[in-house]
Amino acid sequence: MLIFRNSDANAVSTVFRAHQELERLSKTFPKGVTFKTQYDPTEFIRATMKETVITLGSALLLVILITYIFLQDWRATLVPSLAIPVALLATFPVMMFLNYSINTLTLFGLILVIGSLVDDAIVVVENCQVQLERGETDPKKAARTSMRQITGAIIATTLVTVACYVPLAFYGGMVGNIYKQFAVTMCVALCFSTFVALTLSPAICSLILRKPKPESERTLWKPVNFFLNICRKIYLFFVGFFVKQGILTLLILGGVGAGIYYTARMIPGSFLPNEDKGVVMADIQLPPSATLNRTHETIEEFRQKVEAIPGVASSLMVGGYGFLGGMGENCGLGIFKLDPWDKRQTPDKQLGVILGKIQALGATLPDAKLTCFTPPAIDGLGVTGGISYDICVEGDIEPAELAAIAMQHAMKFTASPNTLYCMSTYDANTPQLFIDIDHKKAESMGLTSARIYRTLQSQLASYYINDFNILGDTFYVKMQSEKEFRSTIDCIRDMMIANESGEMIPLTSVASQRFTLAPRRIQRFNKMTAAEFNAQGMPGVPSGVLIKEVEELAKELPRNCHIEWSGMSYQEKANQGQILYLLLLAVLFAYLFLVGQYESWMMPVPVMCSVAFAALGGILGLKLFGVSMSIYAQLGLIMLIGLTAKNAILMVEFSKTERESGKSIIEAAKSGASLRYRAVLMTAWSFIFGVLPLVFATGAGAGSRRAIGLTTFSGMLMATIVGIIFTPALYAVFQRITEFFSGASRSNKDAVTE
């Protein structure tokens, strides 16, 4: 029995209610009859939610730990530790108001935003500590002074980060639905984080903060402080060098841009990462002439072999119907449920290995073609994972010719080292009985074509007549011959048809029979005759690589044939190249917000240029670890814009203030780097360690978590180690350019006045 939910129903709650109903009905089952759920897609959802909640808790603890290491004061650590749960809890009512559910997408957003939620609170408490270290004795005055200095920077950083995510909320299509939940969840949490940082955090600082102990008295922290001081000196040395080397800084920036361009071109694309959903499916097709009994014998033999594979928990085999071939006596399907994810930690029990073993067993079946596949990453987008497409024909074509084209294409694609298999469900070799009707002779005998076809339908199949109502129920009236009059070919030869005069005319007098080969199922795509294909890549091969190979093979097809994508492959093709526009929109929105904040077209430029280092780090991380450019990796790159700009603003804001106070450009740049070093480092490492559980994710949903975690982790790592060195240098370069042109403009204006 199959149970399907409505499109607007919640999958988990629907399955839960279905189980409750089955438990109730099982009490009335006959003795010895029980029920068992063979395939439940919500098991993957529940396991993913569990893993995601664990990741959320791990990220929260790691962020608090890193904050404590830097602040080295439990009182100071308490401020950001309280800010995170307050901002997170405040997000849930808004999600409920927007009719969002707690799903993997919204939880991903909360995990990724944890590192950002702590940023504003860290900036507040760190600046309050600085005021107390400089001699301020009253925590309340220290909090007031601190907020006067950093309120603008906090608001600016939040606006820039939110500006990066806003375009995602208006992205169309299925990808837009995925991005929208991320974007809205993170923007809401960030806004609450800023509100907490401007209200609750300074209030707590004024109540619990005390003057920090001198560094010499922190005995337990001496190794940590020694290491941090060494890093600070190295950092300031490089900052001091590059702020004086404007040309070299711009050359390095150009090299980073070139590195982004060439490295990004080497990363294969995909729509979604491959996910282990805890089940393997199989489609079995025997020769078209095979009987149902033969199909059952074959699939039973196959079932016993598969259940002996380590990691396979149970199996369900069905004859007479296939996932890809549809209904037919020669078709069968198999659903193989794997052991829970926590019991499949060894390499030999991973999904790819088990899939390969089942496929290899299928090759041992005589006269049977078996195709193994995993469910699509998003239920409903096609039947299988991998890629799916159709070869469509414009105009008329003989079925045998299309079958030959499909077979040749499948053989070429399967021969690729990146392809596990490629198969087509199109088959033009099914034995069929064809009736040739002599229409002219039939007309001369008073038989119309409609009368002949209607008789064939009513006697061999069924013919709908009308409805009738009785006792409040509606019944269909259908006409059909008894079984013994439609079970053999002789029944057709003996068939009699009444002509317009009521005379009974033998069918054999106006028609002849012959056997032929033809498609069992006629396939159409956009009204064109088509052959469906499904292909699975080797373990680790992204779908983008397979799509490119198919497009190359499509050039060898006849002129009247072309490729049309379907399922997730269609979504992937529609999303190709869109990441560039999303990144440009995010940069543009962030830049315009900063222009309004600084009231300058030039000052935001160094902030936006610093994003390049994070983008290069994220792309290098994908390349080094062999991760494809999926929509989750794209989301990670967009996040890096806001995260990197947020830290750069803190430095540029203080450098700008120092410059306005009368310091030289070099001194202002060095001063901003020195003053904000600890705050920037704390916020950066808090985020890096916050996403660390995503990088090492295992179990259900690990593919998507690793994709976005690796992108943001490697990008922020590059921005923290290298990017913050060049942020003051970029400020110095563009500040010189700004003052040069503004100085020239003033000189020209004075000359005109005189």
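Predicted model, so just to flag it, every value in this text is computed and none were measured.

Draft legend 1. Inspection of the confidence of the model for the protein at higher detail. The predicted model of the protein averages 78 in pLDDT, with 92% of residues at 70 or higher. Across residues 744-754, confidence stays below pLDDT 50; counting only partners more than four residues off in sequence or on other chains, it has zero contacts.

Draft legend 2. Structural detail: unusual backbone geometry. Look at asparagine 526: it is not a glycine, yet its phi comes out positive at around 50°. Tracing the chain through its elements places asparagine 526 in the loop between β13 (524-525) and β14 (528-537). The phi dihedral of lysine 527 falls on the positive side, at around 70°, and the residue is not glycine. Its relative accessible area of 81% is what places lysine 527 among the exposed residues.

Draft legend 3. Spatial organisation of the packing of helix α21 (residues 631-660) against helix α22 (residues 665-675). α22 packs onto α21 with a crossing angle of 135° between their chain directions and a minimal axis gap of 8 Å. The orientation of α21 relative to α22 falls into the category oblique. Read as a crossing pair, α21 and α22 show a hand that is right-handed. Counted together, Met651, Phe654, Ser655, Glu658 and Arg659 of α21 and Ile665, Ala668, Ala669, Ser671, Gly672, Ala673 and Leu675 of α22 form the full contact between these two elements. Across the contact of α21 with α22, the residue classes break down as seven nonpolar, three polar and two charged.

Draft legend 4. Representation of a positive patch on the surface. A contiguous patch of positive charge on the surface is contributed by Lys140, Lys141, Arg144 and Arg148. On the accessibility criterion, arginine 148 (64% relative accessible area) is exposed.

Draft legend 5. Broad picture of the state of the cysteines. Taken as a whole, this structure holds zero disulfides when the rule is applied. Cysteine 191 supplies the cysteine sulfur nearest to cysteine 187, a cysteine that is in no disulfide, at a spacing of 6.5 Å.

Draft legend 6. Broad picture of the packing of aromatic side chains. Taken as a whole and judged by the stated rule, the model has 10 aromatic pairs. Aromatic pair phenylalanine 302 and phenylalanine 336: ring centres 5.8 Å apart, planes at 75°, arrangement edge-to-face. Residue phenylalanine 302 is located in helix α10 (residues 292-306), and its partner phenylalanine 336 is located in strand β3 (residues 326-338); the two are separated by 34 residues in the primary sequence. Each member of the pair, phenylalanine 302 as well as phenylalanine 336, is classed as buried. Between the aromatic rings of tyrosine 464 and tyrosine 476, the centroid separation amounts to 6.2 Å while the plane-to-plane angle is 65°, which identifies the pairing as edge-to-face. Linking tyrosine 464 in strand β8 (residues 463-470) with tyrosine 476 in strand β9 (residues 473-479), this pair joins segments that are 12 residues apart in sequence. Classification of tyrosine 464 by relative accessible area gives partly exposed; the value is 42%. Through a chain of ring-to-ring contacts, three or more aromatic side chains come together here, namely Phe241, Phe242, Phe613 and Phe726.

Draft legend 7. Local environment of the packing of helix α8 (residues 222-242) against α22. Where α8 contacts α22, the two axes come as close as 10 Å, and the packing angle between them is 160°. Between α8 and α22, the angle falls in the class roughly antiparallel. Once α8 is placed against α22, the crossing between them reads as right-handed. Residues Arg232, Tyr235, Leu236, Val239 and Gly240 of α8 pack against Lys670, Ala673 and Ser674 of α22.

Draft legend 8. Main features of the pattern of salt bridges. Considering all chains together, one arrives at seven salt bridges under this definition. Between glutamate 21 and arginine 24 there is a salt bridge; the shortest N-O distance is 2.4 Å. Taken together, the residues glutamate 21 and arginine 24, both in helix α1 (residues 11-26) and three residues apart, mark about one turn of the helix. Note that glutamate 307 is salt-bridged to arginine 303, the shortest N-O span being 3.1 Å. Of the residues examined, glutamate 307 reaches a relative accessible area of 35% and is grouped as partly exposed. One continuous salt-bridge network, built from bridges that share partners, spans Glu300, Arg303 and Glu307.

Draft legend 9. Up close: the nonpolar core. By size, the foremost hydrophobic cluster in this structure holds 116 residues, and its most contacted members are Val124, Tyr165, Leu168, Tyr179, Tyr235, Val607 and Ile631. Broken down by element, this core gets its largest block of residues, 17 residues, from α21. When sequence neighbours within four positions are dropped, the list of residues in contact with leucine 168 reads Gly176, Tyr179, Lys180, Ala183, Leu582, Leu635 and Ile638. By size, the runner-up hydrophobic cluster in this structure holds 26 residues, among which are Ala403, Ala410, Val541 and Ile547.

Draft legend 10. Local environment of the environment of arginine 705. If you trace the backbone, arginine 705 turns up in helix α25 (residues 702-753). Once the C-alpha coordinates of arginine 705 and threonine 37 are considered, the two residues, 668 residues apart in sequence, prove to be 28 Å apart.

Draft legend 11. Focus on a nonpolar patch on the surface. Together, Ile155, Leu159, Leu585, Leu588, Phe589, Leu592, Phe593 and Trp601 make up a nonpolar patch on the protein surface, roughly 720 Å² of accessible area in all. Contributions of two or more residues to the nonpolar patch are made by α5 (139-169) and α18 (578-598). Considering each element in turn, the nonpolar patch owes the most residues, five residues, to α18. Locating leucine 592 in the fold gives a position in helix α18.

Reading the values: the criteria
- Residues numbered from 1 in each chain as written.
- Predicted model: local features only at pLDDT ≥ 70, side-chain atom pairs only at ≥ 80, totals over all residues.
- Heavy atoms only, no water.
- pLDDT = per-residue confidence, 0-100.
- Contact = heavy atoms within 4.5 Å.
- Helix = DSSP H or I, 4+ residues; strand = E, 2+ residues; numbered from the N terminus.
- Buried < 20%, exposed > 50% of the residue type's maximum accessible area, 1.4 Å probe, protein only.
- Axes fitted to C-alpha atoms, helices over the stretch in contact; angles between N-to-C directions.
- Parallel < 35°, antiparallel > 145°, perpendicular 65-115°, else oblique.
- Left-handed = near helix turned anticlockwise from the far one by under 90°.
- Nonpolar A, V, L, I, M, F, W, Y, C, P; charged D, E, K, R; others polar.
- Patch = residues over 30% accessible without salt bridge, like charges linked within 9 Å, V, L, I, M, F, W, Y side chains within 5 Å.
- Areas by Shrake-Rupley, 256 points an atom, 1.4 Å probe, with all protein chains shown as cover.
- Salt bridge = Lys/Arg side-chain N within 4 Å of Asp/Glu carboxyl O.
- Lys, Arg positive; Asp, Glu negative; His and termini not counted.
- Charge placed at Lys NZ, Arg CZ, Asp CG, Glu CD.
- Disulfide = S-S within 2.5 Å.
- Phe/Tyr/Trp six-rings, centres within 6.5 Å; stacked < 30°, edge-to-face > 60°.
- Core = buried A, V, L, I, M, F, W, Y, C linked by side-chain atoms within 4.5 Å.

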